[in-house]
Amino acid sequence: MYAPERQQQILALAQEQGRVDVPTLAEEFGVTQETIRRDLSSLDRAGLLRRVHGGALPAGSLHLEPGLAERDSTAAAEKERIARAALDLLPRLLPAEGSLLLDAGTTVSRLAGLLPQDSSYTVATNALPVAARLADHPALTLHLIGGRLRHRTHAAVDAWALRDLADMHADLAVVATNGFSPEGGLSTPDLAEAAVKRAMVSGARRVLLLADSGKYGARHFARFADLRQVDILVTDTGLTDAQTTEIENLGPEVIRA
């Protein structure tokens, strides 16, 4: 197959799936990952795709926010490993009856689903999926933060949510992000969502960031935190040694699950 033919098929896959990644494309087309990277760079220069760490997105999609189901199914295996690694960290970061702020990230929701039934934490969340997963934990004190519901993320936002958070001082905030990098910090497409995430980061003694490596280098419209505000980043092994060192130089501990 000639390069233009392969690139045309890559573009079609990206438009159909919403994103493509280098290892999967290399296996599918029977070429090296370096060949795929050159293909993606060519498509990026042509304005047909936008390169992100580990793959590419259709042109113009960096500012579009995928729905909840699409976000949850993207990098699902990596998110599951990240959530389990975060669960193992909680005894180190929290007292037995400590307080947690959990935001509306899909990886955060996976972590909530892993919490044991006898967990005795105090949890506040603005995310309906997180609250649903914790509602049957009898030893846990659950506070549902109110506000306008964003249907795309099933998260409560705006003034009511920010008023609730202004009165909270938690031991740990567990947050997700649509993009992160040393230069761009943590960002998400929606200003209202970003305001809640910013309030959670500010209202906690420690911050635990859960983000798969596919989000590295992506920048979105609303920046809500700097990597210097993060205590621990849990990501996957797709983050390179050089990228890990660059992040750790800013202060966060990086765990690659």
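Residues numbered from 1 in each chain as written. Predicted model: local features only at pLDDT ≥ 70, side-chain atom pairs only at ≥ 80, totals over all residues. Heavy atoms only, no water.

(A) The arrangement of helix α9 (residues 191-202) in detail. Over its 12 residues, α9 extends 16 Å from the first C-alpha to the last, a length consistent with the 16 Å expected when each residue adds 1.5 Å. Within α9, 9 of the 12 residues are buried, which leaves the element mostly enclosed by the surrounding structure. Buried within α9 are the following residues: Ala-192, Glu-193, Ala-194, Ala-195, Val-196, Lys-197, Ala-199, Met-200 and Val-201. Of the residues that open α9, the one with a side-chain oxygen 3.0 Å from the backbone nitrogen of Ala-192 is Asp-190. (Helix = DSSP H or I, 4+ residues; strand = E, 2+ residues; numbered from the N terminus. Expected span 1.5 Å × (residues − 1). Buried < 20%, exposed > 50% of the residue type's maximum accessible area, 1.4 Å probe, protein only. Polar contact = N/O pair within 3.5 Å; in protein donor to acceptor, adjacent residues only side chain to side chain.)

(B) Seen up close, the side chain of Lys-79. Within the element layout of this structure, Lys-79 appears in helix α5 (residues 76-93). For Lys-79, the side chain forms a polar contact with the side chain of Thr-106, separated by 3.0 Å.

(C) Representation of the pattern of salt bridges in the model. Taken as a whole, this structure holds 14 salt bridges when the rule is applied. For Lys-197, the salt bridge identified is with Asp-103, shortest N-O distance 2.5 Å. With a gap of 94 residues between them, Lys-197 in helix α9 and Asp-103 in the loop between β4 (99-102) and α6 (106-114) connect regions that are remote in the sequence. Judged by relative accessible area, which is 6%, Lys-197 ranks as buried. Between Asp-171 and Arg-205 there is a salt bridge whose closest N-O contact spans 3.7 Å. (Salt bridge = Lys/Arg side-chain N within 4 Å of Asp/Glu carboxyl O.)

(D) Molecular detail of the pairing of strand β15 (residues 253-256). Looking at chain direction, strand β14 (residues 232-235) and β15 are connected through 4 bridges and run parallel. Opposite Ile-232, over in β15, you have Glu-253 as the bridge partner. (Pairing = 2+ DSSP bridges.)

(E) Representation of the sheet that holds β15 in the model. With parallel pairing, 7 strands are arranged side by side in an open sheet as β6-β5-β4-β9-β12-β14-β15. Among the strands making up the open sheet, the edge pair consists of β6 (141-144) and β15. Within this sheet the neighbouring strands show an average axis-to-axis angle of 20°, counted without direction. In this structure, strand β12 (residues 204-210) lies alongside β14, joined through 3 bridges in parallel fashion. The residue bridging Leu-209 from the neighbouring strand is Leu-233, located in β14. (Axes fitted to C-alpha atoms, helices over the stretch in contact; angles between N-to-C directions.)

(F) Examining the packing of aromatic side chains more closely. The tally for this structure, following the rule as stated, stands at 1 aromatic pair. Here the aromatic rings of Phe-180 and Tyr-216 are separated by 5.5 Å at their centres, their planes lie at 80°, and the arrangement is edge-to-face. Taken together, the residues Phe-180 in strand β10 (residues 179-181) and Tyr-216 in the loop between β12 and β13 (222-225) connect sequence positions 36 residues apart. The same class applies to Phe-180 and to Tyr-216, which are both buried. (Phe/Tyr/Trp six-rings, centres within 6.5 Å; stacked < 30°, edge-to-face > 60°.)

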